[in-house]
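# What the coordinates show
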Amino acid sequence: MNTLLFPVILAGGKGERFWPLSRKDRPKQFLSLDGSSRSLLQATADRLIKLGGGESSGVLGVSPMSDWRTRTGWDSLWVITSSQIAEGVRQQLPDLPVENLLIESEGRDTAAAVAWTSLEIKQRYGEDAVIGFFPADHWIADEEAFAHTLSAATQLAASTAAIVTLGIKPTFPSTGYGYIEQGEKIGSFNELPAYHVNRFTEKPNRETAETFLSTGRFSWNSGMFVFRAGVVLKELHTHAPEIIEPLEQQGADIYPQLPKKSIDYALMEKTTLAYVLPVDFGWDDLGDWNAIERLLKTEENPNVELATHIGLDTQGAIIYASNPEDVVVTIGLEDVVIVRDRNVTLVVNKERTQEIKQILKIIQSDPRFTDLL
């Protein structure tokens, strides 16, 4: 049984809700948002290269397909990204083998990305290769628990025709995440229980989310998946032939013509092979500026300050300035996000950060401001 994991980083996102810090030439995955010196992409790669490769990894074992003892975690790691930021990915991850970087000519969402990468890995390593997909912009608190969880997911995927998803234990009734309902328990892997998935539910209202939490059967959909190449490709043939068949027949040249669908919509909500591992290793998807507060808020400070801030009667604010010489002065503000980057200052109520995307549409339609994107 192959127990080597091939991790794939999904690095094509724009991170629009972190504008103006996240822009076309510097998307969210290139940013450091947790106070460290490593970007989100680099931190994701740091976690994942420990899971694969030769004897030094010691986490998931050695593949019987070839002699992996002389290989490193970088040899097992793959990244799929867009043509607009591919050069930035190369600069951020100089140790990534060039043949392990897939460049989308046009973004077609995660279903196409999963299909193309799975085909490439299957062609190189066979249909029993175990693949894991991981967004580039997640924050993980307990990396040891994360590795333990990935070992369990890899064991389940290697031994069963399964598409394994990691379900995050909810800490509050979020209306911004999708939910997974666990069904029948099918066993334990690496001492973690695994369940068949009953259903996926997209972002519910608060009342529904509270009901989900009260049952104890629901977890947040993390967007992280593990499966064998042959299993997912067969399921894509069943549920998303309009994506997988053109790729098989015509290769990556057909990419811009593929339907734009998420892997959740194209496959996960339809397959009967979905399994979930409910996990708790400290996680955040860093979806918008409010995530910074969840990561960095302390009891000692009424605000989260990543800038030189002079404030009077200001609390619950998130304040960021990319230039350390800039000074942000506030009086009498509450629950706002203030971001100063280059030639843009953003001020928004924390409850309306999701609407930053709407502002970007306005900016995009006005030629006076397109250089702000």
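Here's a quick rundown of the structure. Residue numbering note: each chain is counted from 1, following its sequence as written. Residues qualify for local features only when their pLDDT is at least 70, as the model is predicted, and side-chain atom pairs are given and counted only at 80 or more; totals for whole chains, interfaces and linings, by contrast, use all residues. Computation of side-chain values covers all heavy atoms of the structure but excludes hydrogens and water.

## Points about a nonpolar patch on the surface
In this scheme, patches are assembled from residues that exceed 30% relative accessible area and form no salt bridge. Like charges are connected within 9 Å, while nonpolar side chains (Val, Leu, Ile, Met, Phe, Trp, Tyr) are connected within 5 Å. Accessible surface area values rest on a Shrake-Rupley calculation with a 1.4 Å probe, where residue burial reflects the displayed protein chains alone. Note on definitions: salt bridges are taken to be side-chain nitrogens of Lys or Arg within 4 Å of carboxyl oxygens of Asp or Glu. Judged by side-chain polarity, Ile 310, Leu 312, Val 327, Val 329 and Ile 331 come together as a nonpolar surface patch covering roughly 500 Å² of accessible area. Looking at the nonpolar patch, the elements that each hand over two or more residues are strand 13 (308-312) and strand 15 (327-331). For helices the rule is a DSSP run of H or I covering at least 4 residues; for strands it is a run of E covering at least 2, with both sets numbered from the N terminus onward. The biggest single contributor to the nonpolar patch is strand 15, with three residues. Relative to the assigned elements, Val 329 resides in strand 15. A residue is classified by how much of its surface remains accessible, and Val 329, at 56% relative accessible area, is exposed. Working definition: with a 1.4 Å probe on protein chains only, accessible area under 20% of the residue-type maximum means buried, over 50% means exposed, and in between means partly exposed.

## Overview of the environment of Pro 27
Position of Pro 27 among the secondary structure elements: in the loop between strand 1 (5-10) and helix 1 (40-49). Separated by eleven residues in sequence, Pro 27 and Glu 16 place their C-alpha atoms 8.0 Å apart. Sequence-distant contacts of Pro 27, defined by excluding residues within four places in its chain, comprise Gly 13, Lys 14, Ser 22 and Ile 85. Any two residues having at least one pair of non-hydrogen atoms within 4.5 Å are treated as being in contact.

## A closer look at the sheet that holds strand 12 (residues 304-306)
Any two strands with at least two DSSP-identified bridges between them are counted as paired. Spatial ordering of the open sheet is given by 12-14-16-17, a layout of four strands whose pairing is mixed. Only two strands of the sheet have a single partner each, and these edge strands are strand 12 and strand 17 (344-349). For this sheet, the mean inter-axis angle between neighbouring strands, taken without regard to orientation, is 5 degrees. Of the pairings in the sheet, the one linking strand 12 to strand 14 (residues 318-321) comprises three bridges and is parallel in character. Bridged to Val 304 within strand 14 is Ile 318. Throughout, an axis means a line fitted to C-alpha atoms (over the contacting stretch in the case of helices), and angles, computed between N-to-C directions, take values from 0 to 180 degrees.

## A word on the nonpolar core
In plain words, nonpolar cores are sets of buried Ala, Val, Leu, Ile, Met, Phe, Trp, Tyr and Cys residues tied together by side-chain atoms within 4.5 Å. In this structure, Ile 9, Phe 146 and Phe 281 are the most contacted members of the largest nonpolar core, which totals 48 residues. The leading source of residues in this core is helix 5 (residues 143-159), at eight residues. The residues touching Ile 9, leaving out its near neighbours within four places in the chain, are Leu 41, Thr 44, Ala 45, Leu 48, Leu 77, Trp 78, Val 79, Ile 80, Phe 134 and Ala 136.

## So, the pattern of salt bridges
Following the criterion strictly, the structure yields 20 salt bridges and no others. Linking Arg 340 and Asp 326 is a salt bridge whose minimum nitrogen-to-oxygen distance equals 3.7 Å. Here Asp 326 lies in the loop between strand 14 and strand 15 and Arg 340 lies in strand 16 (residues 336-341), a separation of 14 residues in the sequence. Taken together, the salt bridges that share partners define one network made up of Arg 23, Asp 25, Arg 26, Asp 341 and Arg 342.

## Quick look at unusual backbone geometry
In the segment running from Trp 19 into Pro 20, the intervening peptide bond is cis, with an omega of 10 degrees. Within the secondary structure, Pro 20 sits in the loop between strand 1 and helix 1. The backbone of Asp 335 shows a phi angle near 55 degrees, a positive value even though the residue is not glycine. By the element assignment, Asp 335 lies in the loop between strand 15 and strand 16. According to the relative accessible area criterion, Asp 335 is partly exposed, its value standing at 33%. Residue Arg 342 is not a glycine yet carries a positive backbone phi of 50 degrees. Within the secondary structure, Arg 342 is located in the loop between strand 16 and strand 17.

## Examining the side chain of Glu 235
With respect to the helices and strands, Glu 235 occurs in helix 7 (residues 229-239). Charge assignment: positive for Lys and Arg, negative for Asp and Glu; neither His nor the chain ends contribute. For Glu 235, which is buried and forms no salt bridge, the nearest opposite charge comes from Lys 234, at a distance of 6.4 Å.

## Let's talk about the packing of aromatic side chains
Pairing of aromatic side chains here covers Phe, Tyr and the six-membered ring of Trp, requires ring centres within 6.5 Å, and sorts the geometry by plane angle: under 30 degrees stacked, over 60 edge-to-face, intermediate tilted. Taken as a whole, this structure holds 13 aromatic pairs when the rule is applied. Residues Phe 6 and Tyr 125 carry aromatic rings whose centres are separated by 4.5 Å and whose planes lie at 25 degrees to one another, so their mutual orientation is stacked. Taken together, the positions of Phe 6 in strand 1 and Tyr 125 in helix 4 (residues 109-125) put the pair 119 residues apart, joining distant regions of the chain. For the pair Phe 6 and Tyr 125, a shared accessibility class is recorded, and that class is buried. Relative to Phe 218, the ring of Phe 212 has its centre 3.9 Å away and its plane inclined at 10 degrees; by these criteria the two rings are stacked.

## Some remarks on the environment of Ser 262
Within the secondary structure layout, Ser 262 lies in the loop between helix 8 (241-250) and helix 9 (263-268). Between the alpha carbons of Ser 262 and Asp 109 there is a distance of 5.4 Å; along the sequence they are 153 residues apart. Beyond its immediate chain neighbours, meaning those up to four positions away, Ser 262 contacts Asp 109, Thr 110 and Ala 111.

## Here we look at the packing of helix 7 against helix 8
Two elements in contact, helix 7 and helix 8, have axes whose closest approach is 6 Å; the angle formed by their N-to-C orientations is 120 degrees. Classed by the angle they form, the pair helix 7 and helix 8 counts as oblique. Where helix 7 approaches helix 8, its residues Leu 233, Leu 236, His 237, Thr 238 and His 239 are matched on the opposing element by Pro 241, Glu 242, Ile 244, Glu 245 and Glu 248. Just so you know how the angles are binned, under 35 degrees is roughly parallel, over 145 roughly antiparallel, 65 to 115 roughly perpendicular, and the rest oblique.

## Some points on the environment of Thr 345
Note on placement: Thr 345 falls in strand 17. Its relative accessible area of 47% is what places Thr 345 among the partly exposed residues. Between the C-alpha atoms of Thr 345 and Gln 42, which are 303 residues apart in sequence, the distance is 27 Å. For Thr 345, the side chain forms a polar contact with the side chain of Arg 340, separated by 2.9 Å. Residues adjacent in sequence count toward polar contacts only when both atoms are side-chain atoms; beyond that, a polar contact is any pair of N or O atoms within 3.5 Å, and within protein one must be able to donate a hydrogen and the other to accept it.

## Regarding helix 8
Among the residues of helix 8, Ile 243, Ile 244, Pro 246 and Leu 247 are the ones counted as buried. Buried residues along helix 8 sit against helix 4, helix 7 and helix 9.

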